[in-house]
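# Structural overview
So you can see what is in the structure, the chains are spelled out below.
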Amino acid sequence: MTHEDLFGAAPDGHWSAPGRVNLIGEHTDYNDGLVLPLALPHTARAAASRRPDRRLRLYSAGMPDGGTVDLDLDALAPGTVTGWAAYPAGVAWALREDGHQLGGLNVSYESDVPVGAGLSSSAALEVVTAVALDDLFGLGLAPTALARVAQRAERDFAGVPCGILDQMASACCTAGHVLRLDTRDLSMRQIPFSMALEGLRLLVIDTGVRHAHADGAYARRRAECEAGATALGVPALRDVPPEGLDDALARLPDATLRRRVRHVVTENDRVERVVALLDAGRARAIGPLLTAGHASLRDDFEVTCPELDLAVSASTAAGALGARMTGGGFGGSAIALVDADAAEATAGAVRNAFAAAGHHPPGIFEAIPAPGAGRLPV
Ligand code: ADP
Ligand code: MG
């Protein structure tokens, strides 16, 4: 159904926002640490038309139950909207909380970002809403401000604890680059990531295992990290330098906390090492850091699952330069850095390994660093 069929009005504009993969820097974003995402060619797209009243009417072609959600713009409050509409409605709520004047709106969405695959379909939905509202109501907000609004929509309105990685990636990534983002102050640098030049490809392996962040495991990891920082007397685990790790671990009485802290501190260091290699034009050399990051997430942070571990071990056994889970974990997707001429063979090896283990066939595609959110030409 077109926007006009749904709402009886032609859209005032079209906007898009991408999903993302994180090259490295996992579970660091709520520890004030570093992340290194790239935007996917997969996007959420919104068409929107202003309404003369104060209703917010939302429709998503991705929701099989269909139908539009009809909300009162002035009655939006955390907990009042359930289901998928909480993400876009939360954006309107967060903007209104900041004192911005919004009017009524019809918004229809479509998205090809796989849902629940750790590729940030939720952030794509929020960020596309944020850029559309910013544009339509002339708010003049910078991409970073829109990402913060989108994060508050997910965290404070929809009630899903999340860091800022996904929303910043969707709002701020640029084509052909990975984004080095410092989540403490949101300072960022675009780093050329032209795999084609180096004869490389980055594969995304969607295991099909659907994670549920809200189930508490994610919240527990966050709490453990906070407990670690408190025990060590630092504002955040980001403040433990890699050379101070042994010392820090010796001061933690709890073995679980020690492993959690070790993951965050070593992961932050791995981001810096990957950045240094990319800056030196040595993308081929980052593979072992990716694979070490996965081992850390598996053994120390304990957020992988058998399918993610198999995606990584099968890729590396087939000759991938490196591989790791990406996103929050407990399912979702892995990435594998491969020589371009080995991409097919690696994908085949992963499919075979999944079949042999009795897992559902994985979805495998190539990640080409794509642009961040913005208005689409008509
Ligand atoms: P991820 O962001 O990794 O894909 P999440 O669990 O964070 O997984 O977000 C998935 C949720 O986002 C879905 O359950 C749905 O509520 C919402 N969502 C994502 N894409 C769409 C879409 N195209 N239409 C409606 N809701 C969507
Ligand atoms: Mg999400």
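Residues numbered from 1 in each chain as written. Chains lettered and ligands numbered in written order. Predicted model: local features only at pLDDT ≥ 70, side-chain atom pairs only at ≥ 80, totals over all residues. Heavy atoms only, no water.

Around ligand 1, a shell composed of 16 residues is seen, among which S60, G116, G118, S121 and S122 lie nearest. In this structure, an oxygen atom belonging to ligand 1 sits 3.1 Å away from a main-chain N or O atom of G118. In the complex, the protein chains occlude 84% of the 570 Å² of accessible area that ligand 1 would expose alone. Spatially, ligand 1 is embedded in the largest pocket. With 3 residues, helix α3 (residues 121-136) is the single largest residue contributor to the shell around ligand 1. Across the shell around ligand 1, the residue classes tally to 8 nonpolar, 8 polar and no charged. (Near = heavy atom within 4 Å. Polar contact = N/O pair within 3.5 Å; in protein donor to acceptor, adjacent residues only side chain to side chain. Areas by Shrake-Rupley, 256 points an atom, 1.4 Å probe, with all protein chains shown as cover. 1 Å grid on protein atoms, 1.4 Å probe; cavity = no way out; pocket = protein on both sides within 12 Å on 5 of 7 lines; lining within 4 Å. Sits in = over half its atoms within 2 Å of the grid points. Helix = DSSP H or I, 4+ residues; strand = E, 2+ residues; numbered from the N terminus. Nonpolar A, V, L, I, M, F, W, Y, C, P; charged D, E, K, R; others polar.)

Let's shift gears to the packing of aromatic side chains. The tally for this structure, following the rule as stated, stands at 3 aromatic pairs. The interplanar angle of 85 degrees and the centroid separation of 6.1 Å between the aromatic rings of W84 and Y109 together place this pair among those described as edge-to-face. You can see W84 sitting in the loop between β5 (69-72) and α2 (86-97) and its partner Y109 sitting in strand β6 (residues 105-111), a full 25 residues away along the chain. For the residue pair W84 and Y109, the accessibility class agrees, reading buried in each case. Consider the rings of W93 and F157, whose centres lie 5.5 Å apart with planes at 40 degrees: the pair is tilted. Of this pair, W93 sits in helix α2 while F157 is found in helix α4 (residues 143-157), placing the two residues 64 residues apart along the sequence. The residues W93 and F157 share a single accessibility class, namely buried. (Phe/Tyr/Trp six-rings, centres within 6.5 Å; stacked < 30°, edge-to-face > 60°. Buried < 20%, exposed > 50% of the residue type's maximum accessible area, 1.4 Å probe, protein only.)

Here we take up the domain arrangement of the chain. You can read the domains of the chain as domain 1 (3-190) and domain 2 (200-366). Centre-to-centre, using C-alpha coordinates, domain 1 lies 26 Å away from domain 2. Each partner contributes to the interface: domain 1 provides 34 residues, whereas domain 2 provides 41 residues. Carbon and sulfur atoms supply 62% of the area buried between domain 1 and domain 2, which totals about 3100 Å² over both sides. Inspection of the region where domain 1 meets domain 2 yields 5 salt bridges. As a salt-bridge pair, D182 and R238 come within 2.9 Å of each other at their nearest N and O atoms. Counting across the interface, domain 1 meets domain 2 through 20 residue pairs in polar contact (both at pLDDT 80 or more). Counting only elements with at least two residues in the side of domain 1 that touches domain 2, the list comes to β1 (13-22), β2 (34-35), β3 (37-50) and β7 (177-182). Split into classes, the residues belonging to the side of domain 1 that touches domain 2 amount to 16 nonpolar, 10 polar and 8 charged. (Domains from an automatic or database assignment. Contact = heavy atoms within 4.5 Å. Buried area = accessible area lost by both parts, 1.4 Å probe. Salt bridge = Lys/Arg side-chain N within 4 Å of Asp/Glu carboxyl O.)

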